[in-house]
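Summary of the model geometry
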Amino acid sequence: MSGLHDLLLLCVVLTNFWVLGTTRMSSTIRATAIQGTLLAALPVALHPGWSLHMLGLAAGTFLVKAVVLPTFLSWAIREAAVRREVEPLIGFSMSLTLGAMAVALSFGIAQHIPLPESASSLLIPVALSTVMVGLLVLTTRNKALSQVIGYLVLENGIYVFGLSQVERVPFLVELGVLLDIFVGIFIMGIVVFHINRAFDSLDSTRLTELKD
Amino acid sequence: MLGPFLTLLLLLAAAPALPGIATRTRAALTGRRGAPTLQLYRDLAKLLRKNVVYSRTTTPVFRLGPIVVVATVVVAATLLPLDGHTALFGFTGDLVAFTGLLGLGRFALVLAGLDTGSSFEGMGASREVTVSAFAEPALFLCFTVLVLATGELSLGGMLGERLAAVWGSTAPSLVLAAAALFMLALAETSRVPVDDPATHLELTMIHEVIVLDHSGPELAMILFGNAVKLALFAALVVSVLVPLGRLQPWLAGVVMLGGMGLVAVAVGIVESCMARLRMNRVPQFLVAAAALAVFGVILLLR
């Protein structure tokens, strides 16, 4: 219950709450950028051996998750002129409550998952709760951009999960995953841009209506 | 016995300075000179010399309000170990009494507001109760963190030397609880993200609108009660964040007073960099505080 990496993991959970609780898009993007920075610092904090593998992973993560993707998303909200999530399927108080329950649930589950010993006992529960929060955002927000952010948070959770097994995963696989996320977000951004052009709105519920 | 009594008197004497420090910070950060830090003392002195005016529709319930407000916060203050060692009074489960006393004060104030028969005050009363309904569970969750961390069920025990003993190993949960308590302090004492102490537009007021009809010494009592409430929450935040039990009682008292001043400065900083939340966003703010406390509880339960 001490050490820099546990502090970083706690901050990751706090940024999850931040994503769940804010209405402004720019604020949510800032939260994901901060989460990206925290995730980039995590491998170095977990394995303070200064190996090339860790430094490369940290630098790559920082570049993709904390610089490129947030910049790109900010550009997207400027282009599409979405400022805030107006009417999510479930309210913000409710989603914060669900988020807290997700954290409780993942701390409960994590004790029963048979996994090889990892560097920090907080890694698995934080990873699970981040995945759940990402899913929650992905499924309950109406604006396509919020859903992209939900996907990003979900990916961050998977990344944290991967960190617990980092000695066993080769470097190239991780870089591949990073690239995947990057391309995924990029394509989603372009799709979002086109949805906006075609429908004058980013409300994904409108996509279910037929148009001629 | 003398030590806790002296610190209590000191807290009551210093409390009216806290809102002054907060507004002064806010003024300084927005480039104004602002009212003097000790302005509330002057206001209280001025109000105490004035007459009371009652509307013809009010009943004794209206007069009871301010008295109950002051009485409850002062009694609640006796339950806190202000010098980090012993509280003036304490018994098992007095954290429920603490929350209940604050609730009773708010209830009396709301009744007094309703008693005036003004529709605006009724609206303010309903808002005040809404805020309180969300704030109280969050406060209990913060106390749950402290109970789990220390294994004590009285405020005097869990904020005293026991907390200092487990302070290092439970620091993350305690920091989360302190953050939640700070957010609650803003809500309970009607500071900016929840309510604006400077507003005088009836439609947006929460706390201010209930006390519109109070005048003279009774208004002074309400203002004093609110200042003491801010001091209580500031004291809670300081005693959770700093292991006061390790210090000598007199030194802990000094640290407590200084820390309360810092909390007031933090309130001022929050007020100057945040706008007021819309009414329907206020519950969300308090649910966020509760979520922080829940997270603290989960970390301790692991």
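Please refer to the structure higher up on the page.
All of the points below concern the structure found in this document.

What counts and what doesn't
- Residues numbered from 1 in each chain as written.
- Chains lettered and ligands numbered in written order.
- Predicted model: local features only at pLDDT ≥ 70, side-chain atom pairs only at ≥ 80, totals over all residues.
- Helix = DSSP H or I, 4+ residues; strand = E, 2+ residues; numbered from the N terminus.
- Rg over C-alpha atoms; globule rule 2.2 N^0.38 Å.
- Contact = placed C-beta atoms within 7 Å.
- Nonpolar A, V, L, I, M, F, W, Y, C, P; charged D, E, K, R; others polar.
- Axes fitted to C-alpha atoms, helices over the stretch in contact; angles between N-to-C directions.
- Parallel < 35°, antiparallel > 145°, perpendicular 65-115°, else oblique.
- Left-handed = near helix turned anticlockwise from the far one by under 90°.

Right, let's talk about the overall build of chain B for a bit. Secondary structure assignment for chain B yields 13 helices and zero strands. Ordered by position in the sequence, the α and β elements of chain B form the string α-α-α-α-α-α-α-α-α-α-α-α-α. In terms of overall size, chain B behaves like a compact globule, its C-alpha atoms giving a radius of gyration of 19 Å where 302 residues would be expected to give roughly 19 Å. When contacts within chain B are restricted to residue pairs at least 6 apart in sequence, those whose partners lie at least 24 apart make up 80%.

Each partner contributes to the interface: chain B provides eleven residues, whereas chain A provides 14 residues. Broken down by element, the residue count for the side of chain B that touches chain A peaks at eight residues, all from helix H13 (residues 282-301) of chain B. Per-class residue counts for the side of chain B that touches chain A are eight nonpolar, two polar and one charged.

So, on to the packing of helix H1 (residues 2-14) of chain B against helix H12 (residues 249-273) of chain B. All names here are of chain B. Interhelical geometry of H1 versus H12 gives an angle of 15° and a closest axis separation of 11 Å. One element, H1, and the other, H12, form an angle in the roughly parallel class. In terms of crossing hand, the pair formed by H1 and H12 is right-handed. On H12, the residues that touch Gly3, Thr7, Leu10 and Ala14 of H1 are Pro249, Gly253 and Leu257.

All names here are of chain B. Taken N-terminus to C-terminus, the directions of helix H6 (residues 119-150) and helix H9 (residues 171-188) make an angle of 155°; their axes are 10 Å apart at the nearest point. The orientation of H6 relative to H9 falls into the category roughly antiparallel. Here the hand of the crossing between H6 and H9 comes out left-handed. Across from Val131, Ala135, Ala138, Leu139, Cys142, Val145, Leu146 and Ala149 in H6, the residues of H9 making contact are Ser173, Leu174, Ala177, Ala180, Leu181, Leu184, Ala187 and Glu188. In terms of residue class, the contact of H6 with H9 is built from 14 nonpolar, one polar and one charged.

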